[in-house]
Amino acid sequence: MPELRPTVLVIAGSDSSGGAGLQRDLLALADFNIGAVTAITAVTAQSDQRVQAVLAMPPELVRDQIEMAFQTRTISAVKIGMLGTGDVVEAVADRLRGLKGVPVVLDPVLLASSGATLLDEPGRKALITELFPIATLLTPNLPEAAALLNEAPAGNDRDLVLQAKRLRALGPRAVLMKGGHGTGDASVDVLLTEEDQPHYLRAPRLAVSMRGTGCALATAIAAQLALGRPLLEACSTAKAYVHQSMLGRGRREQSRAGGQPDD
Ligand code: PLP
């Protein structure tokens, strides 16, 4: 059967609460009318407040899922989220290493907002040595960038750019530093590409806290890259998409508080 729309391969963990992880990734791909094939790396039992349990999938099973995905569809982009363990990181890197011309968006998921560990220490190291060199784009938030570099989180724009440069020197072709965890009126992300010139992507900071925004952003970028959009455009479209989702959430919270009907 001819393939009518591009497909993204999502390699990620299942979030039973539906707020983040693979479940959020699939919603984002549906929003952009992009097809999905998946490789589940871990199954988590969690609520919006806490992670109760995590079971990492055997690395051979992750490798087989990726293999079957490539046999099922033409893959136009890959999004990597939670990986759980060093063995899974290596299995993913082994399968993707030879891949040519398919953009890979790597969201370095280390911790849940509740503080639970989503990637073990061998995994953190393997992520840097095995997956950074394969990544077209790395999308850390401020705490993740700091943890990956063993440094304190960037406190200002200058430090943000310096950390992006240091991360890029470790292998990924481009780095998008997500400023959502910072302070100030705007949420500013910094995209550092091969030209080494920072591009600033801004959105008004919203007083809304929502889970899964990092997952949604990285997947929306993969969706845009699958459609053939250039990286900067892909990142700004994805940022606008996440901003709109948060605005919608804010409006629903407000209408509930004011007793007005949901939209
Ligand atoms: N669970 C899974 C499976 C995830 O992939 C992620 C983030 O990528 C999280 C939980 C954490 O989401 P949050 O930080 O929004 O709680």
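Procedures and definitions
Residues numbered from 1 in each chain as written. Predicted model: local features only at pLDDT ≥ 70, side-chain atom pairs only at ≥ 80, totals over all residues. Helix = DSSP H or I, 4+ residues; strand = E, 2+ residues; numbered from the N terminus. Rg over C-alpha atoms; globule rule 2.2 N^0.38 Å. Buried ≥ 20, exposed ≤ 12 C-beta atoms within 10 Å, placed from the backbone. Contact = placed C-beta atoms within 7 Å. Pairing = 2+ DSSP bridges. Near = placed C-beta within 6 Å. Axes fitted to C-alpha atoms, helices over the stretch in contact; angles between N-to-C directions. Right-handed = clockwise from strand over helix to strand, strands pointing away. Parallel < 35°, antiparallel > 145°, perpendicular 65-115°, else oblique. Left-handed = near helix turned anticlockwise from the far one by under 90°. Nonpolar A, V, L, I, M, F, W, Y, C, P; charged D, E, K, R; others polar.

If you look the protein chain up in an unreviewed UniProt entry, it shows as hydroxymethylpyrimidine kinase from Rubellimicrobium roseum.

A. Spatial organisation of the overall build of the protein chain. Of the regular secondary structure elements, the protein chain holds eight helices and nine strands. Since a compact globule built from 263 residues should have a radius of gyration of about 18 Å, the 18 Å found for the protein chain is in line with a globular shape. C-alpha atoms of the protein chain, sized along the principal axes, occupy 50 × 40 × 40 Å. Within the span of the protein chain, comprising 263 residues, buried residues form 44% of the whole. A fraction of 69% describes how many contacts in the protein chain between residues 6 or more apart in sequence connect residues 24 or more apart.

B. Up close: the pairing of strand 8 (residues 186-192). Two strands pair when backbone bridges link them, and strand 7 (residues 174-177) and strand 8 are joined in this way by three bridges, in the antiparallel orientation. Directly across from valine 175, in strand 8, lies its bridge partner leucine 192. In this sheet, strand 9 (residues 198-204) lies alongside strand 8 in antiparallel orientation, the contact comprising seven bridges. In the strand pairing of strand 9, leucine 191 is matched with histidine 199.

C. Up close: the site of the ligand. Taken together, 16 residues lie around the ligand, and Gly13, Ala20, Gly21, Met82 and Arg211 are the ones closest in. Counting residues per element, the ones that place at least two in the shell around the ligand are strand 1 (7-15) and helix 7 (213-226). Top contributing element to the shell around the ligand by residue count: strand 1, with three residues.

D. Seen up close, the sheet that holds strand 1. What the nine strands build is an open sheet, ordered 3-2-1-4-5-6-7-8-9; its pairing is mixed. Either end of the sheet is taken by a strand with one partner, and the two such strands are strand 3 (51-56) and strand 9. Where strand 5 (residues 104-106) lies against strand 6 (residues 137-138), two bridges are found, and the strand directions are parallel. Counted as the bridge partner of leucine 106 is leucine 138 from strand 6. Its contacts with the sheet put helix 2 (residues 59-72) on strand 1, strand 2 (35-46) and strand 4 (75-80), and the angle it makes with strand 2 is roughly 160 degrees.

E. Geometry of the pairing of strand 4. When you tally the buried positions in strand 4, you get five out of six residues, the bulk of the element. Bridging between strand 1 and strand 4 involves five bridges; their strand directions are parallel. Paired with valine 8 across the two strands is alanine 77, which belongs to strand 4. In this structure, strand 4 lies alongside strand 5, joined through three bridges in parallel fashion. Its bridge partner being in strand 5, lysine 79 is matched across the sheet by valine 105. With helix 3 (residues 86-96) bridging strand 4 and its parallel neighbour strand 5, the resulting β-α-β unit is right-handed.

F. Representation of the packing of helix 5 (residues 142-149) against helix 6 (residues 157-168) within the structure. At a minimum axis separation of 10 Å, helix 5 and helix 6 run at an interaxial angle of 50 degrees. When the axis of helix 5 is compared with that of helix 6, the two are oblique. Between helix 5 and helix 6 lies a crossing of left-handed hand. Of the residues in helix 6, those in contact with Ala145, Leu148 and Leu149 of helix 5 are Gln163, Arg166 and Leu167. Here the residues of the contact of helix 5 with helix 6 are counted per class, giving four nonpolar, one polar and one charged.

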